[in-house]
Amino acid sequence: MRQFIKAAAVAALAAGLAGPASAQEKLKIGFIYVGPVGDFGWSYQHNQGRLAIEKAIPGKVETTYLENVPEADSERSIEQLARTGHKLIFTTSFGYMEPTLKVAKKYPNVMFEHATGYKRDKNMATYSAKFHEGRYVIGQIAGKMTKSNTLGYVASFPIPEVVAGINAFYLGALSVNPNVKVKVVWANTWFDPGKEADAAKALLAQGADIISQHTDSPAPQQQAEAAGKMGFGQASDMIKFAPKAQLTAIIDDWSAYYIERVKLMLDGKWASKDTWGGFAEDMVHMAPYTNMPDDVKKMAEATQAAIKAGTLNPFKCPVLDQEGKEVPCKGNGALSDEQVVGMNFYVKGIDDKLPK
Amino acid sequence: MGIWEAVLITVITAATPLLIAGMGELVVEKSGVLNLGIEGMMAVGAACGFAVAILTGSTILGILAAVGAGIALSAVFAFLVLGLAANQVASGLALTILGLGLSGLVGAGFVGTNREAVPAIFIPGLTTLPGGALLFGQNPFVYASLAIAFGTLWFLSRSRAGLTLRSVGESHVSAHSLGLKVLKVRLMAILFGGACAGLAGAYLSLVYTPFWSPGMTAGRGWIALALVVFASWRPLRLLFGAYLFGGATVLQLHAQAASIGFPSQLLSAFPYVATILALVVMSAGRRSATAPGSLGTPFVPDR
């Protein structure tokens, strides 16, 4: 009897210890967002990915996020996550590249994942999506739908991802409409609804009848709707803000990637690498094609399918730069991935000077 | 509508929230209190205004809610700096952080909700005249902002109450010894500032970009603060400054759309550069243009 009590006590003790111990073994995952979760664009989609992790791997992970973290002042936020026991940290904006690298060197046992950058380390992986594939598709739609042959583009910062997006958009439009022009306005912000709206108004006043955007709020689409013109949502489906204006939207879908990386981490198989997925990898989706005639919709679907199948590359050679010089073709019949990821030139025909 | 009219209209829409919030802060600072919490009060105003407008379907109620929210938050600030004589800079910064957080909480259920913008005024026969849209076709908020500006100008320079407010701001000890109710005057000024910030917030979420999103104030509260300094605490200069700051941000966008080469980053920094320049000019110039004498110092009646 005494033995039994002893055994029971030991078992109870063990159970008592095991309880909190297993709770502590939960993998802590941190996210840094450049905008608010409620931006309904870029950061919103990353947060959807975070929620997908919690749903797909219940009980084993604990996720935290810091929103509205300014890029220039992000190092302490990233370090804060690293110091508080987060073992896998996703930093989800281009400007977090150097700070992430710095913190990664300081915390070799914490794994980092940086979105849209190009610098890696043993414990720092990078990932991005081929948004330019979607931008080529919306460019074609814009080229077909425009009546003024003037397309407006609200841009954020002159970084390669955005520049490649403008080029792909223009090349897409040009492929179906030789007279098309694109006007670019740099808002110098990822998220400032008022300024984005003003940029869209400026473009509309200059005769643009299609508003494309690479900033994160739905404000430009609201302006397109109010002016009775058309546009394309950014990062998430913005149809609610522009039910008559939105033709489609490029949707970022990080869920599958995030779940995969977290699973690798749990299995101890995580390794630093670069991931760059597009239509084929399901990292980029298109919102339903709306407010357009059937033939335009069919064309868009065909283009999307061709890109997905790999038979069409938005940057197929020859690609000419703004001065008309041919860009060296380092890929297989098209620009190489590195050339697209590091794109710092406009293609021929874009009527804007790239800010340096 | 010509291109210049389109440009001027966007200048006005960009300047209006700065003008409303800045004029409120000017009155607060004239009474000798520095409230750094404009950004927070604007954000709460924007969130509450949008939430109530969606829930009730009434723009008027939304605006009233925004103004009320601004007043309520500024009352918290007044309690700290007047009631407890707390440090104004710290309290104001805390108010911004509180306001931004609170606005996220209030607005959380309204992310992704769309609303029609408050329509502009249309007067048949006048709005349709050439240039009429500029004078007679603006949003009600624009006329309200001008009314606030000229009302403040009249109040500060022509009314007895305005004189009292200024004397409290210049030297609260002297004002107190004259029997003026320093704390009561400051309370009124702070609440007015809160109401203006709330109204400016409502303008953002109901007119400028009619949706709610956390962080949508995007630093406009800070620009309004800079504006007060830039204007050297004078209403007419503030009116001018609001249109100058609004114009600088908007004109560069139009210049870009028109493919005129313009260093856009430089113009984005314009409000801050202009404020620093104004400070330099002021400190080098005559004393008359300097800040209210008691600005930022707490007042504790010795009794």
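Residues numbered from 1 in each chain as written. Chains lettered and ligands numbered in written order. Predicted model: local features only at pLDDT ≥ 70, side-chain atom pairs only at ≥ 80, totals over all residues. Heavy atoms only, no water.

### What about the interface of chain B and chain A?
Here is step 1 of the chain: With 31 residues of chain B in contact, the opposing surface of chain A contributes 33 residues.
Here is step 2 of the chain: Interface area for chain B against chain A, summed over the two sides, is near 2,500 Å², with a carbon-plus-sulfur share of 56%.
Here is step 3 of the chain: A per-residue breakdown of the area chain B buries against chain A is headed by Phe211(B), Leu253(B) and Ala257(B), which together make up 21% of the total.
Here is step 4 of the chain: Linking chain B to chain A there are 1 salt bridge.
Here is step 5 of the chain: For the salt bridge of Asp192(A) with Arg220(B), the shortest nitrogen-to-oxygen distance reads 2.9 Å.
Here is step 6 of the chain: For the pair chain B and chain A, the number of links is 8 residue pairs in polar contact (both at pLDDT 80 or more). (Contact = heavy atoms within 4.5 Å. Buried area = accessible area lost by both parts, 1.4 Å probe. Salt bridge = Lys/Arg side-chain N within 4 Å of Asp/Glu carboxyl O. Polar contact = N/O pair within 3.5 Å; in protein donor to acceptor, adjacent residues only side chain to side chain.)

### Some details on the pairing of strand E2 (residues 61-66) of chain A
Here is step 1 of the chain: Across 6 bridges, the pairing between strand E1 (residues 27-32) of chain A and E2(A) is parallel. Counterpart to Lys28(A) in the pairing with E2(A) is Glu62(A). (Pairing = 2+ DSSP bridges. Helix = DSSP H or I, 4+ residues; strand = E, 2+ residues; numbered from the N terminus.)

### What about the domain arrangement of chain A?
Residue and element names in this part refer to chain A.
Here is step 1 of the chain: When the domains of chain A are assigned, the result is domain 1 (21-130 + 254-277) and domain 2 (141-249 + 285-341).
Here is step 2 of the chain: The distance between the C-alpha centroids of domain 1 and domain 2 comes to 28 Å.
Here is step 3 of the chain: Across the contact, 13 residues belong to domain 1 and 16 residues belong to domain 2.
Here is step 4 of the chain: Here domain 1 packs against domain 2, burying approximately 1,200 Å² in sum over the two surfaces, 70% of which is carbon and sulfur. (Domains from an automatic or database assignment.)

### Quick word on the state of the cysteines
Residue and element names in this part refer to chain A.
Here is step 1 of the chain: Applying the stated criterion to the full structure yields 1 disulfide over all chains.
Here is step 2 of the chain: Put simply, cysteine 317 and cysteine 329 are joined by a disulfide, and their sulfur atoms are 1.9 Å apart. Because the torsion about its S-S bond is 95 degrees, the bridge between cysteine 317 and cysteine 329 counts as right-handed. In this pair, cysteine 317 is assigned in the loop between helix H10 (294-309) and helix H11 (337-341) and cysteine 329 in the loop between H10 and H11, connecting sequence segments 12 residues apart. (Disulfide = S-S within 2.5 Å.)

### Brief notes about the nonpolar core
The nonpolar side chains of soluble globular proteins are, as a tendency, buried together.
Here is step 1 of the chain: Ile29(A), Ile53(A), Phe112(A), Ile141(A), Ile166(A), Trp186(A) and Phe315(A) are the most contacted members of the largest nonpolar core, which has 93 residues in total.
Here is step 2 of the chain: When residues in this core are grouped by element, the largest group, 9 residues, is from helix H6 (residues 160-176) of chain A.
Here is step 3 of the chain: A domain-level breakdown of this core finds at least three residues from each of domain 1 (21-130 + 254-277) and domain 2 (141-249 + 285-341) of chain A.
Here is step 4 of the chain: Residues contacting Ile141(A), with those up to four places away along its chain left out, are Phe232(A), Leu247(A), Thr248(A), Tyr289(A), Met292(A), Val296(A), Met299(A) and Ala300(A).
Here is step 5 of the chain: Among the nonpolar cores identified, the runner-up in size contains 78 residues, and Met23(B), Ala78(B), Leu225(B) and Met282(B) belong to it. (Core = buried A, V, L, I, M, F, W, Y, C linked by side-chain atoms within 4.5 Å. Buried < 20%, exposed > 50% of the residue type's maximum accessible area, 1.4 Å probe, protein only.)

### Things to note about the sheet that holds strand E10 (residues 246-252) of chain A
Residues and elements named next belong to chain A.
Here is step 1 of the chain: Across the sheet, 6 strands lie side by side as E7-E6-E8-E9-E10-E12; this open sheet has mixed pairing. Both outer strands of the open sheet, strand E7 (181-186) and strand E12 (284-286), are each paired with one neighbouring strand and no more. Neighbour-to-neighbour, the strand axes of the sheet open up by a mean angle of 20 degrees, direction not taken into account.
Here is step 2 of the chain: Where strand E6 (residues 150-155) and strand E8 (residues 210-213) come together, 4 bridges link them in parallel fashion. In the strand pairing of E8, tyrosine 153 is matched with serine 212.
Here is step 3 of the chain: Across the sheet, helix H5 (residues 131-145) touches E6, E8, strand E9 (230-235), E10 and E12, and the angle it forms with E10 is around 175 degrees. (Axes fitted to C-alpha atoms, helices over the stretch in contact; angles between N-to-C directions.)

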